[in-house]
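Chain residues, written in single-letter form:
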Amino acid sequence: MDSSDKRTRKAQAKDAGADSDRELFKQIIEHQHMPQDEMPGHDATRQLATSSDLQYRYRDMCTVSVSTVAEVMMELGYRFTFVMGLPYWELYDRIE
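Residues numbered from 1 in each chain as written. Predicted model: local features only at pLDDT ≥ 70, side-chain atom pairs only at ≥ 80, totals over all residues. Heavy atoms only, no water.

Across all of its chains, the model carries three aromatic pairs by this definition. A ring pair is formed by Phe 25 and Tyr 58, whose centres lie 6.2 Å apart and whose planes are at 65°; its orientation type is edge-to-face. Residue Phe 25 is found in helix α1 (residues 3–32), and its partner Tyr 58 is found in the loop between α2 (51–57) and α3 (66–75); the two are separated by 33 residues along the sequence. For the pair shown, Phe 25 and Tyr 58 are each scored as buried. On the basis of an interplanar angle of 85° and a centroid distance of 5.6 Å, the ring pair of Phe 80 and Phe 82 is categorised as edge-to-face. On the basis of relative accessible area, Phe 82 is assigned to the exposed category, the value being 53%. Members of the aromatic cluster, joined through ring pairs, are Phe 80, Phe 82 and Trp 89. Above the ring of Tyr 56, the side-chain terminus of Arg 59 is found at 3.8 Å from the ring centroid. (Phe/Tyr/Trp six-rings, centres within 6.5 Å; stacked < 30°, edge-to-face > 60°. Helix = DSSP H or I, 4+ residues; strand = E, 2+ residues; numbered from the N terminus. Buried < 20%, exposed > 50% of the residue type's maximum accessible area, 1.4 Å probe, protein only. Lys NZ or Arg CZ within 6 Å of the ring centre and 35° of its normal.)

Take a look at the structure:
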C-alpha cells in the first residue's frame, strides 16, 4: 500500500466521522427541541441560540462545524431572527 492509498483511506475515515457527527447532532436537536411551538397554549419558552452556541453546547457529544449546525437547523425547519444584527435560531423545548 503506497502513501496515496493511506491518505485516501484517512480522508474517507474522516468524512465518515464527520457524517456520523452530523447525524448525531441532528438526532440531538430533534430529541431536545422543536422548530416552532407545536402546542399553542402550553406556554413554551422560546430560546435563542447562535450556531456557535449550539456547537459549543453539544461539543462533548459530537464535533460539527458552525456551517454544519446551520445546515442541519435549516434542514429541520428552524427559523432564525436577528438580535442587534446577529442571527439567532429560535428553539422550543420538546414536550414529551
